Amino acid sequence: MENNSIKVDLVGEGSDSVVFVHGLGGSSSVWWPQVELLRKQFRLVLPELPGSGRTPAGGKLSISGFVDTIIEVLDAQKIESAAFVGHSMGTLILQHLAVRYPERVKRLALVAPVKAAAEAHRAATRDRASRVRKEGMGWLADQLTVSALSAHTRETSPVAVAFVREILLRQEPEGYARTCDAVAEGTNAAVENIRCPTLI
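Rules used throughout
Residues numbered from 1 in each chain as written. Predicted model: local features only at pLDDT ≥ 70, side-chain atom pairs only at ≥ 80, totals over all residues. Heavy atoms only, no water. Helix = DSSP H or I, 4+ residues; strand = E, 2+ residues; numbered from the N terminus. Rg over C-alpha atoms; globule rule 2.2 N^0.38 Å. Buried < 20%, exposed > 50% of the residue type's maximum accessible area, 1.4 Å probe, protein only. Contact = heavy atoms within 4.5 Å. Phe/Tyr/Trp six-rings, centres within 6.5 Å; stacked < 30°, edge-to-face > 60°. Expected span 1.5 Å × (residues − 1). Axes fitted to C-alpha atoms, helices over the stretch in contact; angles between N-to-C directions. Parallel < 35°, antiparallel > 145°, perpendicular 65-115°, else oblique. Left-handed = near helix turned anticlockwise from the far one by under 90°. Nonpolar A, V, L, I, M, F, W, Y, C, P; charged D, E, K, R; others polar. Pairing = 2+ DSSP bridges. Right-handed = clockwise from strand over helix to strand, strands pointing away. Core = buried A, V, L, I, M, F, W, Y, C linked by side-chain atoms within 4.5 Å.

## Points about the overall build of the protein
- Tallying secondary structure elements over the protein gives eight helices and seven strands in all.
- Since a compact globule built from 200 residues should have a radius of gyration of about 16 Å, the 16 Å found for the protein is in line with a globular shape.
- When the backbone C-alpha atoms are referred to their principal axes, the protein occupies close to 45 × 35 × 30 Å.
- Within the protein, the proportion of its 200 residues that are buried is 46%.
- A separation threshold of at least 6 residues defines the contact pool for the protein, and within that pool the share at least 24 residues apart is 74%.

Given below as structure tokens:
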């Protein structure tokens, strides 16, 4: 599906919808093991956020803008409410979504949840964006396959290493950099106001 250039994978025909939101440098593909397990029971919605995967960045990106994107996708699919699963940056987006639109969120599952970055980490994220703009994604793919995967995974699952590299190398550098900028400027959601069942 395309919704104003937002790429969305739609899988399954269940009556209940589950929306998956990827993290920084991710795409809908990171969820495919879960898709294979759940596609017979649920309607699965996997958007690729602006600046990630197959969706162009457009203008300036922000966490708030990503929330708006998800609501646009829900509206385009005529989904009143859904369960949501997020990873990393996606969990911060979903925290804001659940606070702003509680009536749209039945439940949350937050995988490796994050809060807004501390100031030192904001600077490091901006530095990463700057380097990606200058050098592209290759150095980052090499770095993250070491820092984001365990030694055991690197030794025993070369397919996982190749998958992480491929997902990162497929990212448009400017889109990735703008997403880094969005993360660096992100704020914390008022999580005390989240009332739906939440799995962390």
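## As for the packing of aromatic side chains
- According to the stated counting rule, one finds one aromatic pair in the structure shown.
- With 5.1 Å between their ring centres and 50° between their planes, F20 and W31 make a pair best called tilted. Remark: W31 occurs in the loop between β3 (17-21) and α1 (32-38) and F20 occurs in strand β3; sequence separation between them is eleven residues.
- On the basis of relative accessible area, F20 is assigned to the buried category, the value being 2%.
- Owing to a relative accessible area of 6%, W31 belongs among the buried residues under this scheme.

## With respect to helix α2 (residues 63-76)
- Across its 14 residues, α2 extends 20 Å between first and last C-alpha, which sits within 8% of the 20 Å expected from 1.5 Å per residue.
- Residues I63, F66, V67, T69, I70, I71, V73 and L74 constitute the buried set of α2.
- A positive backbone phi angle near 55° is found at K78, which sits one or two residues after α2.

## A short note on the packing of helix α5 (residues 138-147) against helix α7 (residues 158-169)
- Interaxial distance between α5 and α7 falls to 9 Å at its minimum, and their mutual angle equals 150°. In terms of axis orientation, α5 runs roughly antiparallel to α7. Note on packing geometry: the crossing formed by α5 with α7 is right-handed. In contact with G138, L140, A141, D142, L144 and T145 of α5, α7 contributes V161, V164, R165, L168 and L169.
- Considered class by class, the residues forming the contact of α5 with α7 number seven nonpolar, two polar and two charged.

## What to know about the packing of helix α4 (residues 119-135) against helix α8 (residues 173-184)
- Their axes nearest at 8 Å, the elements α4 and α8 cross at an angle of 170°. Judged on the interaxial angle alone, α8 and α4 are roughly antiparallel. Residues R122, T125, R126, R128, A129, V132 and R133 of α4 touch α8, and the partners they reach there are P173, E174, Y176, A177, R178, C180, D181, V183 and A184.

## Brief notes about the pairing of strand β4 (residues 43-48)
- Burial analysis of β4 places five of its six residues in the buried class, the great majority of the element.
- Bridge count for β3 against β4 is three bridges, and the pairing is parallel. By the bridge assignment, V19 is partnered in β4 with V45.
- A crossover connection joins β3 to the parallel β4 through α1; in handedness this β-α-β unit is right-handed.

## Description of the nonpolar core
- Among the nonpolar cores identified, the biggest contains 31 residues, and F66, I70, F84, I93, L94, L97 and L108 are the most heavily contacted of them.
- Among the elements of the structure, β2 (6-11), β3, α2, β5 (82-87), α3 (89-100), β6 (105-111) and α8 are those that each provide at least two residues to this core.
- Sort the elements by how many residues they give to this core and α2 lands first, with seven residues.
- In this structure, F84 is in contact with V19, I70, L74, L94, L97, R104, V105, R107, L108 and A109, ignoring residues within four places of it in sequence.
- Core analysis: the second largest hydrophobic core is formed by eleven residues, L140, Y176, A177 and C180 among them.

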